[in-house]
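# Chain and residue survey
Spelled out from the first residue to the last, the chains are:
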Amino acid sequence: MRAVSYPAPGQFTVADLADRPLAAAEVRIANLVVGLCGTDLHLHQGHNYPAYPLTPGHEIVARVVETGPGVDTVAVGEVVAVDNVVYCRDCRRCKKGEFNFCERRRSMGTKLPGGFAEHAVTLAEKCYPIGDLPLEAAVLTEPTACALHGLQLLDVPVGASALITGAGPTGLILAQLLRHSGAAKVVVAAPTRAKLDLALRRGADAVVQVDRHDFAATAPVVAEHAPGGFDVVVDATGVPAVIEGLVPLTASGGTLMVYGMAGPDERISLSPFEIFRRQLTVVGSFAQTFDFARAIDFLATGKVTAEGMITHRFGLDDYRRALDTLADPACVKAVVEPNGPVL
Ligand SMILES: [Zn+2]
Ligand SMILES: [Zn+2]
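Residues numbered from 1 in each chain as written. Chains lettered and ligands numbered in written order. Predicted model: local features only at pLDDT ≥ 70, side-chain atom pairs only at ≥ 80, totals over all residues. Heavy atoms only, no water.

## A few points about the UniProt feature "domain: Alcohol dehydrogenase-like C-terminal" (unreviewed entry) in the chain
With numbering aligned to this structure, UniProt lists the feature "domain: Alcohol dehydrogenase-like C-terminal" (unreviewed entry) at residues 169-300. Structurally, residues 169-300 comprises 39% helix and 22% strand, and the distance from its first C-alpha atom to its last is 17 Å. (UniProt positions renumbered as here; feature names shortened; annotations may be inferred. Helix = DSSP H or I, 4+ residues; strand = E, 2+ residues; numbered from the N terminus.)

Structure representation (structure tokens):
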């Protein structure tokens, strides 16, 4: 089977790899639609501690094509969203039920072979049948699950004012979830007009066009939307200067969530006095745990919609172009269809 394969950071080929035999509880899947995101760009650069040879791809919708010994929860032919994260269930944190901090956490597309391949192997328990959900919505299950994880950590106060920076898929999904989670006002700030228009159609109450590279210059326009600051602020850009610029926009007693992924060597400067005096909470949100079923529910009811999100589709052979597309302002969500067009 053909797969994107990195022997080392920054270099990959589309290689012919052997299908490995299935162990107990495993299934083989044929990948139908696999979303690309900023994480794949970080992986391309060797960030995020991947294991080599690396096949990336962690936002996977696939058809089950073979079941291993003892599998009775999914059947051959079923189309599933695949939870990419595997816990050891044996370390100190797993034994406390804190799976996201598993000391031997592995995920498909980073330490385990991922979805940018014709086939992959996963555990049957990681497969969530999508039912009637269209594939273009189902491919948002993983990013929606991650957004739900963030939302749960945020614990949005009823009637809160909320600000999201970034209007990529994550920003758009978060805007929709915040709208349904008690926020009275949701403002999205991002550089690209077309994405802001999409945010308005996806539940934002107001949008502000900002300059990512000089966020401080446009911050006063954002501030006008919440005199006294936003109760809840979520950065979905991972840009250090933006995150720094969000501190003064956060209301006293409010929460700033670092959701977007920055490079491991990036730094921001915070005033300890300001955090102390204004009782600010700075919280991170990493990945998700057991949020797939709820994500599918949000997508199935249309409270999170994929409409207008998938702007680019690629085959496996176009992986280089697919990565380049992530930098294109016209790209909202790019996907790879490893077994040919299905959307
Ligand atoms: Zn992702
Ligand atoms: Zn563990």
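The structure having been displayed, the exposition proceeds.
## Overview of the coordination of the zinc ion (ligand 1)
At the metal site, the zinc ion (ligand 1) is ligated by C37 (SG), H58 (NE2) and E59 (OE), and these contacts range over 2.1 to 2.2 Å. Donor residues for the zinc ion (ligand 1) sit on one chain with the sequence pattern C-x20-H-E. (Donors = N, O, S within 2.8 Å, 3.2 Å for Na, K, Ca; no water.)

## Regarding the environment of V65
Structurally, V65 can be placed in strand β4 (residues 59-67). Classification of V65 as partly exposed rests on a relative accessible area of 35%. Along the sequence, V65 and R28 sit 37 residues apart, while their C-alpha atoms lie 5.7 Å from each other. When sequence neighbours within four positions are dropped, the list of residues in contact with V65 reads R28, I29, A30 and V76. (Buried < 20%, exposed > 50% of the residue type's maximum accessible area, 1.4 Å probe, protein only. Contact = heavy atoms within 4.5 Å.)

## Some words on the coordination of the zinc ion (ligand 2)
The coordination sphere of the zinc ion (ligand 2) contains the protein donors C88 (SG), C91 (SG), C94 (SG) and C102 (SG), at a distance range of 2.3 to 2.4 Å. In this structure, the zinc ion (ligand 2) is coordinated by 4 donor atoms arranged in tetrahedral fashion, with angles at the metal of 100 to 120 degrees. As a motif over one chain, the donors of the zinc ion (ligand 2) read C-x2-C-x2-C-x7-C. Linking C88 in the loop between β6 (85-86) and α2 (92-95) with C102 in the loop between α2 and β7 (106-107), this pair joins segments that are 14 residues apart in sequence. What makes C88 partly exposed here is its relative accessible area of 26%. When its relative accessible area of 8% is taken as the criterion, C102 is described as buried. (Tetrahedral: all angles 85-135°; square planar, octahedral: opposite > 155°, others 65-115°.)

## As for the pattern of salt bridges
Considering all chains together, one arrives at 16 salt bridges under this definition. Ionic pairing is found between D197 and R193, a salt bridge with its closest N-O pair at 3.6 Å. Of the two residues, D197 and R193 both sit in helix α6 (residues 193-201), 4 residues apart, roughly one turn of that helix. We classify D197 as partly exposed; its relative accessible area is 31%. Looking at R193, the relative accessible area reads 41%, which means it is partly exposed. (Salt bridge = Lys/Arg side-chain N within 4 Å of Asp/Glu carboxyl O.)

## Observations concerning the UniProt feature "domain: Alcohol dehydrogenase-like N-terminal" (unreviewed entry) in the chain
Annotation from UniProt places "domain: Alcohol dehydrogenase-like N-terminal" (unreviewed entry) at residues 25-131. Secondary structure across residues 25-131 comprises 10% helix and 33% strand; the distance between its end C-alpha atoms is 22 Å.

## Regarding the layout of surface pockets
The calculated volume of the second largest pocket comes to roughly 440 Å³. What lines the second largest pocket is a set of 24 residues, and nearest its centre among them are R20, L112, P113, A120 and V121. Going through the elements one at a time, β1 (2-8), β3 (26-35) and β8 (119-123) are the ones with two or more residues in the lining of the second largest pocket. By residue class, the composition of the lining of the second largest pocket is 14 nonpolar, 5 polar and 5 charged. (1 Å grid on protein atoms, 1.4 Å probe; cavity = no way out; pocket = protein on both sides within 12 Å on 5 of 7 lines; lining within 4 Å. Points joined across faces, edges and corners; volume = space filled by probe spheres on them. Nonpolar A, V, L, I, M, F, W, Y, C, P; charged D, E, K, R; others polar.)

## Concerning the domain arrangement of the chain
Assigned domains within the chain: domain 1 (2-139 + 306-336) and domain 2 (144-284). In this structure, domain 1 and domain 2 have C-alpha centres spaced 28 Å apart. The interface of domain 1 with domain 2 comprises 12 residues on the first partner and 13 residues on the second. Buried surface at the junction of domain 1 and domain 2, summed over both partners, amounts to about 980 Å²; 67% is from carbon and sulfur atoms. By the criterion of area lost to domain 2, the three top residues of domain 1 are H42, M309 and V332, representing 45% of everything that side buries. For the pair domain 1 and domain 2, the interface holds 0 salt bridges. In this structure, the connection of domain 1 to domain 2 is made through 3 residue pairs in polar contact (both at pLDDT 80 or more). (Domains from an automatic or database assignment. Buried area = accessible area lost by both parts, 1.4 Å probe. Polar contact = N/O pair within 3.5 Å; in protein donor to acceptor, adjacent residues only side chain to side chain.)

## Concerning the packing of helix α4 (residues 141-154) against helix α10 (residues 292-300)
As a packed pair, α4 and α10 sit with axes 8 Å apart at the nearest point and diverge in direction by 105 degrees. As judged from the angle between their axes, α4 and α10 are roughly perpendicular. Residues T141, E142, T144, A145, L148 and Q152 of α4 lie in contact with α10, whose contacting residues are F292, R294, A295, I296, F298 and L299. Residues belonging to the contact of α4 with α10 are distributed by class as follows: 7 nonpolar, 3 polar and 2 charged. (Axes fitted to C-alpha atoms, helices over the stretch in contact; angles between N-to-C directions. Parallel < 35°, antiparallel > 145°, perpendicular 65-115°, else oblique.)

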